[in-house]
Amino acid sequence: SSAVDEPLTGAPLLDIFPNPTLQSATVAFTVPDNAAMTLVITNTVGIPVFTTSATGLSAGDHAIVWNTTEVASGAYFVRMTINGLVHHSTLQVVK
């Protein structure tokens, strides 16, 4: 099941699965042509536990796999920015 609200018009399509997760989670997203993307996942006190970025992404579907084996159980906040548009979601890690 998805932990993502319906995207706003023009916002990137974002899906995180499995959620909750044990060992890894896939952040799948769709971008327009020549997109710049930044992904930041933080714990509940706002400390980043995973970050990545890319520029010049081709139009279409992309995915990033986050290995969650080294983080504690709990809620994590996902913030993806694509061409200046920000999308927020949550992810639950269970051990």
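Below you will find a few notes about this structure. (Residues numbered from 1 in each chain as written. Predicted model: local features only at pLDDT ≥ 70, side-chain atom pairs only at ≥ 80, totals over all residues. Heavy atoms only, no water.)

The next thing to look at is the sheet that holds strand S6 (residues 74-82). The strand order across the open sheet formed by 4 strands is S4-S3-S6-S7, and the pairing between neighbours is antiparallel. Edge positions in the sheet fall to strand S4 (48-57) and strand S7 (85-93), since each of these pairs with one other strand and no more. Across the sheet, the mean angle from the axis of one strand to that of its neighbour is 15°, orientation sign disregarded. Pairing geometry for S6 and S7, over 9 bridges, is antiparallel. Opposite alanine 75, over in S7, you have glutamine 92 as the bridge partner. (Pairing = 2+ DSSP bridges. Helix = DSSP H or I, 4+ residues; strand = E, 2+ residues; numbered from the N terminus. Axes fitted to C-alpha atoms, helices over the stretch in contact; angles between N-to-C directions.)

If you trace the backbone, asparagine 19 turns up in the loop between strand S1 (13-17) and strand S2 (24-31). Of the polar contacts made by the side chain of asparagine 19, one reaches the backbone oxygen of threonine 90; its length is 3.1 Å. At 2.9 Å, the side chain of asparagine 19 forms a polar contact with the backbone nitrogen of glutamine 92. (Polar contact = N/O pair within 3.5 Å; in protein donor to acceptor, adjacent residues only side chain to side chain.)

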